[in-house]
Amino acid sequence: MGVTPGVPDDTALGRARARRWWVTGRRVRSVARAGSFVDDVGLALLFPSERLMLPSLWEAVAAEDAEPFATGMDDDEQRVWAWKDELPRRGLAWYGSFVGGRGSFVSPALLRLLYPAYGDETDHEHVALSPTAHEIAAALMNGPLPSATLRVLVGDRNRYQRSVTELQRSLLVTNAGTAEQASGWPSSVLDLTCRRFDVGGGYDKSVAARLFLQVVLECAAGDLARAFRWPVTEARSCLDALVESGHAVAADRTYRSASLV
């Protein structure tokens, strides 16, 4: 396969991503800096995935090539695991099962561009959801609740988990701290996204697509579609528009950020 003139090769792309995704440089060692990381990249996984080429909080926290949980729950694992609840509690980053069914962070700025409703406590009523998902969202209208309490409300653990994932994929619900239990690990607290973040009225697919490409640096339409849960045709249309506006370059069925060329 030929190389498009002026377009970096895969090695250069990998190095650029390592810099952009905070893999190289000073490690993240505080929740405030973790918030700055998510704010900078816009979208990040909790732990890296071979199937999803996105930044991850783990790679920003741990040494390069470190394997999570290789020796159990060490300091870095404890930091990352705690921050998935603490970052949204402080309003520094949204967290939930958003990308590919995996735990994901979204910065407040990008969240506003992706949030699908009006920004009030009845937002779930305007989104197509299962009855159980509506039930959970309605319960949260009265205030944040521990996941353990919500599981009891639903009465079935699997149905509860499917419904929470559904709500998080629609960005309507986020983690928001933890609550101690009589035994075992603390229970994650869930809350309505609109109560934790300034959302509603800012939905803009074109800007969201541009921010995504600026952080992944290269992607196919399917990558953007999976990340933001869009139809592939819509993702491709947004990327083609970025080419037309000079923000991207198209090559070999992929799109590269103009900043990389």
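First things first, this report covers the structure right here in the doc.

About the thresholds
- Residues numbered from 1 in each chain as written.
- Predicted model: local features only at pLDDT ≥ 70, side-chain atom pairs only at ≥ 80, totals over all residues.
- Heavy atoms only, no water.
- Helix = DSSP H or I, 4+ residues; strand = E, 2+ residues; numbered from the N terminus.
- Rg over C-alpha atoms; globule rule 2.2 N^0.38 Å.
- Buried < 20%, exposed > 50% of the residue type's maximum accessible area, 1.4 Å probe, protein only.
- Contact = heavy atoms within 4.5 Å.
- Areas by Shrake-Rupley, 256 points an atom, 1.4 Å probe, with all protein chains shown as cover.
- Lys, Arg positive; Asp, Glu negative; His and termini not counted.
- Charge placed at Lys NZ, Arg CZ, Asp CG, Glu CD.
- Phe/Tyr/Trp six-rings, centres within 6.5 Å; stacked < 30°, edge-to-face > 60°.
- Lys NZ or Arg CZ within 6 Å of the ring centre and 35° of its normal.
- Salt bridge = Lys/Arg side-chain N within 4 Å of Asp/Glu carboxyl O.
- Pairing = 2+ DSSP bridges.
- Axes fitted to C-alpha atoms, helices over the stretch in contact; angles between N-to-C directions.
- Polar contact = N/O pair within 3.5 Å; in protein donor to acceptor, adjacent residues only side chain to side chain.
- Patch = residues over 30% accessible without salt bridge, like charges linked within 9 Å, V, L, I, M, F, W, Y side chains within 5 Å.

The secondary structure content of the protein amounts to 12 helices and nine strands. A compact globule built from 261 residues would reach a C-alpha radius of gyration of about 18 Å, and the protein, at 19 Å, matches this within 12%. Dimensions along the principal axes, computed over C-alpha positions, put the protein at roughly 60 × 45 × 30 Å. Looking at the protein as a whole, 49% of its 261 residues qualify as buried. Pairs at least 24 residues apart make up 60% of the contacts formed inside the protein by residues separated by at least 6 positions. Accessible surface computed for the protein: about 12400 Å², of which carbon and sulfur atoms make up 49%. On the protein, the mean spot of the 29 positive side-chain charges and the mean spot of the 32 negative ones are 1 Å from each other.

To continue, consider the environment of Glu 218. Following the sequence through the fold, Glu 218 ends up in strand β7 (residues 218-219). The exposure class of Glu 218 is buried, given its relative accessible area of 18%. In sequence terms Glu 218 and Met 53 are 165 residues apart; their C-alpha atoms lie 9.5 Å from each other. Not counting residues up to four positions away in its chain, the partners in contact with Glu 218 are Leu 13, Arg 17, Leu 213, Thr 254, Tyr 255 and Arg 256.

To continue, consider the packing of aromatic side chains. The final tally for this structure, using the stated rule, is seven aromatic pairs. Between Tyr 95 and Phe 105, the ring centres sit 4.9 Å apart and the planes meet at 50°, which makes this aromatic pair tilted. Of this pair, Tyr 95 sits in strand β2 (residues 94-99) while Phe 105 sits in strand β3 (residues 102-106); the two residues are 10 residues apart in sequence, bridging distant segments of the chain. Overall, the relative accessible area of 0% leaves Phe 105 in the buried class. Lying over the aromatic face of Trp 81, Lys 84 brings its terminal NZ or CZ to 4.6 Å of the ring centre.

Another aspect to go through is the pattern of salt bridges. One pass over the structure, following the stated rule, counts 13 salt bridges. Here Asp 40 makes a salt bridge to Arg 20, at a shortest N to O gap of 3.0 Å. Taken together, the residues Asp 40 in helix α2 (residues 31-41) and Arg 20 in helix α1 (residues 10-20) connect sequence positions 20 residues apart. Residue classification places Arg 20 among the partly exposed residues on the basis of a relative accessible area of 24%. The salt bridge involving Arg 256 is made with Glu 218; its shortest N-O contact spans 2.1 Å. With a gap of 38 residues between them, Arg 256 in strand β9 (residues 254-257) and Glu 218 in strand β7 connect regions that are remote in the sequence.

On to the sheet that holds strand β1 (residues 43-45), then. Read from one edge of the open sheet, three strands run β1-β3-β2, paired in antiparallel fashion. Edge positions in the sheet fall to β1 and β2, since each of these pairs with one other strand and no more. Strand-to-strand twist of the sheet, defined as the mean angle between neighbouring strand axes without regard to direction, takes the value 40°. The sheet contact formed by β2 and β3 spans five bridges and is antiparallel. The residue of β3 that forms the bridge with Val 99 is Arg 102.

Looking now at the side chain of Ser 188. Along the chain, the position of Ser 188 falls in strand β6 (residues 187-192). The buried category is assigned to Ser 188, whose relative accessible area is 18%. Within the local environment of Ser 188, its side chain forms a polar contact with the side chain of Asp 85, the two groups lying 3.1 Å apart. Those residues within four positions of Ser 188 in sequence are excluded, and the remaining contacts are Lys 84, Asp 85, Leu 145, Pro 146, Ser 147, Asn 175, Gly 177 and Thr 178.

On the surface, Phe 69, Met 73, Trp 81 and Trp 185 cluster together to form a nonpolar patch covering roughly 450 Å² of accessible area. Inspection of the secondary structure assignment puts Trp 81 in helix α4 (residues 75-89). Note on Trp 81: relative accessible area 37%, which makes it partly exposed.

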